[in-house]
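This is what each chain is made of:
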Amino acid sequence: MLPDRLMRHTITVQPYIGSGPGGRVFGAPVTYRAYVQDKRQLVRNAAGQEVVSEATAYVGDPAANIPADSKVTVPAGRTALVITANRREGALHALRDHLEITLT
């Protein structure tokens, strides 16, 4: 987990489950402590296409299940979709294990 002093935001995630007759299907909302950084950057999605990410969230719970295409409500009240979700291992980084998600 990331240090508590960094986890100053709260995000609400509706995990992407799949497609249904009415379109995308999402699970029940789950709240996580996170650090959200509003930062526009160019990233690649799962299909390898370049897309613009408007924010990155660092979730301190390494067991968090936040797949691509999940809905995330950030502290400003804006709802975004997850472009990528990458687990980061503490042994390779100065920070402890966490989940880094890029958002539309």
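Parameters and conventions
- Residues numbered from 1 in each chain as written.
- Predicted model: local features only at pLDDT ≥ 70, side-chain atom pairs only at ≥ 80, totals over all residues.
- Heavy atoms only, no water.
- Helix = DSSP H or I, 4+ residues; strand = E, 2+ residues; numbered from the N terminus.
- Buried < 20%, exposed > 50% of the residue type's maximum accessible area, 1.4 Å probe, protein only.
- Polar contact = N/O pair within 3.5 Å; in protein donor to acceptor, adjacent residues only side chain to side chain.
- Contact = heavy atoms within 4.5 Å.
- Salt bridge = Lys/Arg side-chain N within 4 Å of Asp/Glu carboxyl O.
- Core = buried A, V, L, I, M, F, W, Y, C linked by side-chain atoms within 4.5 Å.
- Pairing = 2+ DSSP bridges.
- Axes fitted to C-alpha atoms, helices over the stretch in contact; angles between N-to-C directions.

Draft legend 1. Local environment of the side chain of serine 70. With respect to the helices, strands and loops of the structure, serine 70 is situated in the loop between strand 5 (50-59) and strand 6 (71-73). Exposure remark for serine 70: the relative accessible area of 0% places this residue in the buried category. A distance of 2.9 Å separates a polar atom in the side chain of serine 70 from the backbone nitrogen of tyrosine 16. Filtering out sequence-adjacent residues up to four positions away, serine 70 remains in contact with Val13, Gln14, Pro15, Tyr16, Phe26, Ala80, Leu81 and Val82.

Draft legend 2. The pattern of salt bridges, seen in detail. Counted by the stated rule, this structure contains 2 salt bridges. Glutamate 54 is the partner of arginine 40 in a salt bridge, and the nearest nitrogen-oxygen pair spans 3.1 Å. Here glutamate 54 lies in strand 5 and arginine 40 lies in strand 4 (residues 30-44), a separation of 14 residues in the sequence. Residue classification places glutamate 54 among the partly exposed positions, given a relative accessible area of 26%. With a shortest N-O distance of 3.5 Å, arginine 44 and glutamate 50 are connected by a salt bridge.

Draft legend 3. Structural context of the nonpolar core. Counting 17 residues, the largest nonpolar core has Ile11, Tyr32, Val59, Ile66, Val72, Ile101 and Leu103 as its most contacted members. Of all elements in the fold, only strand 1 (9-14), strand 4, strand 5, strand 7 (79-88) and strand 8 (98-103) reach the threshold of two or more residues within this core. For tyrosine 32, the contacting residues outside a window of four places in its chain are His9, Thr10, Ile11, Val13, Val59, Asp61, Ala64, Asn65 and Ile66.

Draft legend 4. Structural context of the sheet that holds strand 4. If you walk around this closed barrel you meet the 6 strands as 1-4-5-8-7-6, and the pairing is antiparallel. Ignoring strand direction, the axes of neighbouring strands in this sheet form an average angle of 50°. In the sheet, strand 7 pairs with strand 8 via 6 bridges, with the strands oriented antiparallel. Considered in strand 8, the bridge of alanine 85 is made with isoleucine 101.

Draft legend 5. Layout of the pairing of strand 2 (residues 16-20). Across 4 bridges, the pairing between strand 2 and strand 3 (residues 23-26) is antiparallel. Along strand 3, the bridge assignment pairs glycine 18 with valine 25. A loop of 2 residues connects strand 2 with strand 3, the two strands running antiparallel in sequence.

Draft legend 6. Just the pairing of strand 8, in detail. Among the 6 residues of strand 8, 6 are classified as buried, and the element is accordingly described as predominantly covered. Going residue by residue along strand 8, you find His98, Glu100 and Thr102 tucked away on one face and Leu99, Ile101 and Leu103 tucked away on the opposite face as well. In this structure, strand 5 lies alongside strand 8, joined through 5 bridges in antiparallel fashion. Residue pairing across strands places tyrosine 58 opposite glutamate 100, the latter belonging to strand 8.

Just geometry here; none of it tells us what the structure is for.
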